[in-house]
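Per-entry structural report
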Amino acid sequence: AQRLQEKYDKQVQHRSEAAAAFGAADCRRFIEQAGDDVPDLILLSVGYDAAIARLPIAEFRSSVEQMIRTLSGDRGALVVLVTPMPLNHDPRLKGREVAAHIDTRPYTWQLELMAQQHTLPLLRTGAALAESALGPEKLYSDNLSLSDDGHLILADAAERLLSGQ
């Protein structure tokens, strides 16, 4: 948020509405609570919790479709879809047993399709991480979570995406 504020000389508000069961109702509540102060930009990062919960793909797609409609609505906010991160499988890091049974790829593919369908920008988390010179041991804090460096890589990728680079 600070980098955006410095770059665009505009007040930046950061809100994280992360929750394991985040859905369309949460998006409606978010927009209602924003009132006239609707954000210009919304990064919708979904799929990770759905993969962990093994949510059926049709249910995931339906939920995300509703979220997109709610968030993009008539308020003028730019919605950027963010794909779930690929999980790491490093035996030296915590969470390997859990990560071994989770596959985020089907959820990533659905976001790819929905970005095309709704003509929305798409931040490909796996591609951004793969382009980094850092190895997995620097990008992940454990097999299920990105490190601070991993999050900075995504922030840089979002900046490039939004600036058209």
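None of these values were measured; they are calculated from a predicted model.

Here the chain averages 83 in pLDDT, and 83% of its residues register 70 or above. Mean pLDDT per element in the chain: helix α1 (residues 2-8) is the minimum at 65, and strand β3 (residues 122-123) is the maximum at 96.

The contact between helix α4 (residues 57-72) and helix α6 (residues 105-118) brings their axes to 10 Å, and the two run at 40 degrees. Here α4 and α6 pass one another in a crossing that is right-handed. Across the interface between the two elements, I57, F60, R61, V64, E65 and I68 from α4 touch P106, Y107, Q110, L111, L113, M114, Q117 and H118 from α6. Considered class by class, the residues forming the contact of α4 with α6 number nine nonpolar, three polar and two charged.

Secondary-structure assignment places T104 in the loop between α5 (96-99) and α6. The class for T104 is buried, based on a relative accessible area of 5%. Within polar-contact distance, the side chain of T104 engages the backbone oxygen of M85 at 3.3 Å. The residues contacting T104, other than those within four sequence positions of it, are A51, P84, M85, P86 and L87.

Under the definition given, this model contains one aromatic pair. Plain terms: the ring middles of F60 and Y107 are 5.1 Å apart, the flat faces sit at 90 degrees to each other, and that makes the pair edge-to-face. One end of the pair, F60, is in helix α4; the other, Y107, is in helix α6, and 47 residues separate them in sequence.

Within the open sheet, the three strands sit side by side as β1-β2-β3. Their pairing is parallel. Among the strands making up the open sheet, the edge pair consists of β1 (41-45) and β3. Bridge analysis of strand β2 (residues 78-82) against β3 gives two bridges, and the strand direction is parallel. Looking at β3, one finds that L81 is bridged to L122.

In this section: the pairing of β1. Burial along β1 is one-sided: I42 and L44 are buried, and none of L41, L43 and S45, which face the opposite way, are. As paired elements, β1 and β2 share five bridges and run parallel to each other. Counted as the bridge partner of I42 is V79 from β2.

Let's shift gears to unusual backbone geometry. Here R54, not a glycine, exhibits a phi torsion of approximately 55 degrees, which is positive. Relative to the assigned elements, R54 resides in the loop between α3 (48-53) and α4. One non-glycine residue, T119, adopts positive backbone phi at about 50 degrees. Relative to the elements of secondary structure, T119 occurs in the loop between α6 and β3.

Time to look at the side chain of T125. The topology assignment puts T125 in helix α7 (residues 125-131). Judged by its relative accessible area of 2%, T125 falls in the buried class. Engagement of the side chain of T125 in a polar contact is seen with the backbone oxygen of T83, the distance being 2.6 Å. The residues touching T125, leaving out its near neighbours within four places in the chain, are V82, T83, P84, M85, P86 and L154.

What counts, and where the lines are drawn
- Residues numbered from 1 in each chain as written.
- Predicted model: local features only at pLDDT ≥ 70, side-chain atom pairs only at ≥ 80, totals over all residues.
- Heavy atoms only, no water.
- pLDDT = per-residue confidence, 0-100.
- Helix = DSSP H or I, 4+ residues; strand = E, 2+ residues; numbered from the N terminus.
- Axes fitted to C-alpha atoms, helices over the stretch in contact; angles between N-to-C directions.
- Left-handed = near helix turned anticlockwise from the far one by under 90°.
- Contact = heavy atoms within 4.5 Å.
- Nonpolar A, V, L, I, M, F, W, Y, C, P; charged D, E, K, R; others polar.
- Buried < 20%, exposed > 50% of the residue type's maximum accessible area, 1.4 Å probe, protein only.
- Polar contact = N/O pair within 3.5 Å; in protein donor to acceptor, adjacent residues only side chain to side chain.
- Phe/Tyr/Trp six-rings, centres within 6.5 Å; stacked < 30°, edge-to-face > 60°.
- Pairing = 2+ DSSP bridges.

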